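# Report on the structure
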Amino acid sequence: MQTTALRPAAAAASAHRPGARIRVPVLGAGLGVVLAVSVLFAVTIGPAQITFGEAWQSVFAHLGFGDPALSPLRDGIIWQLRMPRILTAGAVGAGLALCGAVMQALTRNPLADPYLLGLSSGASLGAVGVILLGVGVLLPVAAFGGAIVALAATLLVASAAGTLTPTRTILAGLAVSSFFGALTSLAIFWSATGDTYREILSWLLGSLSGAQWSSVAIAGAALAVVGVPLLFSGRVLDAFAFGDTAASALGVSVTRTRWIMLTATALLTGALVAVSGAIGFIGLILPHMVRLVVGRGNRRVLPLAALTGAIFLIWVDTAARTVFDPRELPVGILTAAIGAPVFALLLLRSRSSS
Amino acid sequence: MYFVPHRGIFVVAIAASALLVAGCSAAGAERAAVESPASAAPPVAAATTTYPVTIDNCGTEVTFTQAPTRVVTIKSSTTELLVALGLTDRIIGQAFPDGPMPTAVAGHSITPVEIPVISDKVPGQEAVLDLEPDLVFAGWESNFGPEGAGDRDALHSLGVLSYVAPSACKEPGYKPEKLSFDDVFADVSEAGAIFDVPDAATTLVADSRAVLDDIAPLPAPLTALWWSSGVDLPYVGAGTGAPQMIMEAAGLTNVAARVDDTWTQMSMEAIVDANPQVIVLVDSAWSTAAKKKELLAANPATAGLDAVKNERYIVAPFAETEAGVRNADLAAQIAVEAARFTP
């Protein structure tokens, strides 16, 4: 038995489901509406007792319609804590799902995720440097810097070994990940004092509890500048599905394209990791979930994965910040805890229907 | 395994032990933060410990056949307890110091002395055994174990006793439901019995109680947040630990009291929603009070808190905030500072 998601890529083109082409724009518009509604509802949910009406009035007041009904302090809860966090969650969720889908297509590997090139381990090392070793840089800057160093190391190792093939890229990423991971563990083990380990753990698992408007700006800008062009790269990625030889026969400059797209994906991922830590599951599994529903064509998968990722992370993070009031969970724990059963269910359903 | 980064010498302090052992009251000694109360209760005359003493310590049976003479202390709370009991000469090495020693405990001034630091963190078993101690006295149960100073039974089989401050026990039946000063003082009394200095323990407890009794009630009730560490997700004093005990003694109402735990994470939203009137900032090397003040002022959501706008901060050194002999002095200091903030 083969599931749709794990079928060899060469068969991809024929894996379109009947009617998928028609359903996609409708599905996209539908998800867009769900995303907007999600933002509006998630902003009314939180540990502080604020009603729907009050929350919306506050949001609209900041958008220039009317006056806020809330005290400045409670207005701050809506506009300085919840709203930037929800928007960051949306941007990070969309970006990670998109990057995951692109990575899987570029490397023709269903186990690829946005952190494939050692990015999360590099970002983690940067973050640990700030939190534990007191390096005097802003955390997002250090995390992004770490991710870029890891990316450069991976690409250097992979291309030094020969042409940038998927296998070489993955193996080089593994080597870099392991090495940076060891350095991170060493730093934690050596210098975690008091309860700083709690801070670093929550960062390593991925957390949005520090999200501010500056996070929205970073994640949003990266998504706009790098993510939007990637969204329209579906046609090129579909060519990769047939293998490198077939892709070059179709007129795609394989190595150059792979270099550019790997770098673009890594830059976006690096920016996202910088604001949220390495949130797992979304980049790995959400693209597969979308493929199970709409088939493998990347022109459909990429935008739908981005929308689904945004909605998914907004709601999971809402749960992470409210269910255990006044505590919170690192959202990375919940993305897998909630997402994995849903994915298993989809997998089972796709088996019975195929 | 753990490494010993360096063998430094840590300058600490010694209690005015002669004063304590002689059984004098504290009336003549300097008081740290509060006025001297009425003289402490006179100690029971000629009290001594009859050995062997067997103690059920967090579920581990420990038998002392004599007063320990070569002690390795782990965590500041244990070092400070022994120093305050006038037992500095029994400490052959300390590990995991949380900060500088106090200059006085419950009115007994302390003079500096050097105790070798065998490790900045939890020491490894070999680093401990190398000193040939007869007792390892730990502030946390987790300091023992194969990854730390050694498994308790393994240490016992090598002739090294292990002991944990009883109020730090974690097992059901041993862990205090809600830490109180009675628990902290019971730790002092038990240590007094183990080391055959019951009079010193009685005096220390009496003087600490006097410090607490001396705390003047606040003119008006104040709510407070106890921010221990953490950046995006503050780690705060909850309803059942040392922070709650100290805040209660100082007359403050803890905004995280509803959480049934010693410490807890508290989201920024819950903190802003609670709008505490005063914020106690724990000052440690890894999370300074100054850094926390910056964070509060920089985050637009917390910048509007009453305590932040009016800078109603009380700074507490970390070593005073874990259950131990310095808690009473800290409560008194917090009460004095909080009184200035009452509207």
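Residues numbered from 1 in each chain as written. Chains lettered and ligands numbered in written order. Predicted model: local features only at pLDDT ≥ 70, side-chain atom pairs only at ≥ 80, totals over all residues. Heavy atoms only, no water.

### A closer look at helix H4 (residues 119-131) of chain A
All names here are of chain A.
- Look at H4: 18 Å from first C-alpha to last across 13 residues, which is about the 18 Å you get at 1.5 Å a residue.
- Most of H4 sits out of view: 12 of its 13 residues are buried.
- Buried within H4 we find Leu119, Ser120, Ser121, Gly122, Ala123, Ser124, Gly126, Ala127, Val128, Gly129, Val130 and Ile131.
- The inward-facing, buried residues of H4 contact helix H5 (139-160), helix H6 (166-191), helix H7 (196-205) and helix H11 (254-276). (Helix = DSSP H or I, 4+ residues; strand = E, 2+ residues; numbered from the N terminus. Expected span 1.5 Å × (residues − 1). Buried < 20%, exposed > 50% of the residue type's maximum accessible area, 1.4 Å probe, protein only. Contact = heavy atoms within 4.5 Å.)

### Overview of the side chain of Gln104 of chain A
Residues and elements named next belong to chain A.
- Relative to the assigned elements, Gln104 resides in helix H3 (residues 72-107).
- Given a relative accessible area of 5%, Gln104 falls into the buried group.
- Look past the residues within four positions of Gln104 in its chain and what remains in contact with it is Asn109, Pro110, Ala112, Gly283, Leu284, Pro287, His288 and Arg291.

### Concerning the interface of chain B and chain A
- Across the contact, 30 residues belong to chain B and 29 residues belong to chain A.
- The junction of chain B with chain A conceals about 2700 Å² of combined surface from both sides, 58% of it contributed by carbon and sulfur atoms.
- Area buried by chain B at its contact with chain A is led by Lys121, Glu269 and Trp286 of chain B, which between them contribute 24% of it.
- The tally of links between chain B and chain A comes to 4 salt bridges.
- For Asp325 of chain A, the salt bridge is made with Arg258 of chain B, and the minimal N-O distance between the two is 3.5 Å. (Buried area = accessible area lost by both parts, 1.4 Å probe. Salt bridge = Lys/Arg side-chain N within 4 Å of Asp/Glu carboxyl O.)

### Examining the state of the cysteines
All names here are of chain B.
- All chains considered together, the criterion is met by 1 disulfide over all chains.
- Disulfide partner of Cys58: Cys169, at an S-S distance of 1.9 Å. Between Cys58 and Cys169, the disulfide has an S-S torsion of -80° and is therefore left-handed. In this pair, Cys58 is assigned in the loop between strand E2 (53-57) and strand E3 (60-64) and Cys169 in the loop between strand E9 (161-164) and helix H5 (181-194), connecting sequence segments 111 residues apart.
- Residue classification places Cys58 among the buried residues on the basis of a relative accessible area of 5%.
- Judged by its relative accessible area of 3%, Cys169 is buried. (Disulfide = S-S within 2.5 Å.)

### Focus: the domain arrangement of chain B
Residue and element names in this part refer to chain B.
- The domain boundaries assigned to chain B delineate domain 1 (9-213) and domain 2 (222-341).
- Domain 1 puts 30 residues into the contact, and the matching count from domain 2 is 22 residues.
- Here domain 1 and domain 2 share an interface that buries about 1900 Å² over both sides, 64% of which is from carbon and sulfur atoms.
- Together, Lys178, Leu179 and Phe181 form the three largest contributors to the area buried by domain 1 at its contact with domain 2, with a combined 28%.
- Counting across the interface, domain 1 meets domain 2 through 3 salt bridges. (Domains from an automatic or database assignment.)

### Thoughts on the packing of aromatic side chains
- In total, this model carries 11 aromatic pairs over all chains according to the counting rule given.
- Taking 6.3 Å as the distance between ring centres and 75° as the angle between the ring planes, the aromatic pair formed by Phe64 of chain B and Tyr163 of chain B counts as edge-to-face. Here Phe64 of chain B, found in strand E3, pairs with Tyr163 of chain B, found in strand E9; they are 99 residues apart in sequence, far enough to count as distant. With respect to class, Phe64 of chain B is no different from Tyr163 of chain B; both count as buried.
- Here Phe137 of chain B and Tyr163 of chain B contribute two aromatic rings whose centre-to-centre distance is 5.2 Å and whose plane-to-plane angle is 45°, an arrangement assigned as tilted. With Phe137 of chain B in strand E8 (residues 135-138) and Tyr163 of chain B in strand E9, this pair connects stretches of sequence that are 26 residues apart. For the residue pair Phe137 of chain B and Tyr163 of chain B, the accessibility class agrees, reading buried in each case.
- An aromatic cluster of three or more residues is present, and its members are Phe41, Phe52 and Trp56 of chain A.
- Positioned above the aromatic ring of Phe96 of chain B is the side chain of Lys75 of chain B, whose terminal nitrogen or guanidinium carbon lies 4.4 Å from the ring centre.
- Over the ring of Trp140 of chain B we find Lys75 of chain B; its NZ or CZ atom is 3.8 Å from the centre of that ring. (Phe/Tyr/Trp six-rings, centres within 6.5 Å; stacked < 30°, edge-to-face > 60°. Lys NZ or Arg CZ within 6 Å of the ring centre and 35° of its normal.)

### Concerning the pattern of salt bridges
- If you walk through the whole model with that rule in mind, you get 15 salt bridges over all chains.
- Note that Arg85 of chain A and Asp317 of chain A form a salt bridge whose closest N and O atoms lie 2.8 Å from each other. Within this pair, whereas Arg85 of chain A is found in helix H3, its partner Asp317 of chain A is found in helix H13 (residues 298-322), the two being separated by 232 residues in sequence. With respect to burial, Arg85 of chain A and Asp317 of chain A carry one shared label: buried.
- Residue Glu320 of chain B is joined to Arg326 of chain B by a salt bridge in which the shortest nitrogen-to-oxygen separation is 3.3 Å.
- Judged by its relative accessible area of 11%, Glu320 of chain B is buried.
- Linked through salt bridges whose partners overlap, the residues forming this network are Arg85, Asp317 and Glu328 of chain A.

### Details of the environment of Thr165 of chain A
All names here are of chain A.
- Inspection of the secondary structure assignment puts Thr165 in the loop between H5 and H6.
- Note on Thr165: relative accessible area 26%, which makes it partly exposed.
- A C-alpha to C-alpha distance of 7.9 Å links Thr165 and Thr107, two positions 58 residues apart in sequence.

### Examining the packing of helix H12 (residues 282-294) of chain A against H13 of chain A
All names here are of chain A.
- With their axes 9 Å apart at the nearest point, H12 and H13 run at an angle of 125° to one another. Considered as vectors, H12 and H13 are oriented oblique to each other. Considering how the two elements wind past one another, H12 and H13 form a crossing that is right-handed. Seen from H12, the contacting residues are Ile282, Leu286, Pro287, Val290, Arg291 and Val294; seen from H13, they are Arg300, Val301, Leu304, Ala305, Thr308, Gly309, Phe312 and Leu313.
- Grouping the amino acids of the contact of H12 with H13 by side-chain chemistry returns 10 nonpolar, 2 polar and 2 charged. (Axes fitted to C-alpha atoms, helices over the stretch in contact; angles between N-to-C directions. Parallel < 35°, antiparallel > 145°, perpendicular 65-115°, else oblique. Left-handed = near helix turned anticlockwise from the far one by under 90°. Nonpolar A, V, L, I, M, F, W, Y, C, P; charged D, E, K, R; others polar.)

### Topic: the confidence of the model for chain A
- Overall, the predicted model of chain A reaches an average pLDDT of 87, with 92% of residues at or above 70.
- Across residues 1-20 of chain A the pLDDT falls below 50, and counting only partners more than four positions away or on other chains, this stretch makes 32 contacts in the model. (pLDDT = per-residue confidence, 0-100.)

### A closer look at empty space enclosed by the protein
- Throughout the structure, instances matching the rule amount to 5 cavities of 30 Å³ or more.
- Each pocket or cavity is described by its volume, and for the largest cavity that value is around 130 Å³.
- Taken together, Pro47, Leu81, Arg82, Arg85, Ser209, Ala211, Arg321 and Glu328 of chain A together with Asp232, Ser267, Met268 and Glu269 of chain B make up the lining of the largest cavity.
- Mapped onto the lining of the largest cavity, the elements with two or more residues apiece are H3 of chain A together with helix H8 (268-274) of chain B.
- Residue contributions to the lining of the largest cavity peak at 3 residues, all from H3 of chain A.
- Split into classes, the residues belonging to the lining of the largest cavity amount to 4 nonpolar, 2 polar and 6 charged. (1 Å grid on protein atoms, 1.4 Å probe; cavity = no way out; pocket = protein on both sides within 12 Å on 5 of 7 lines; lining within 4 Å. Points joined across faces, edges and corners; volume = space filled by probe spheres on them.)

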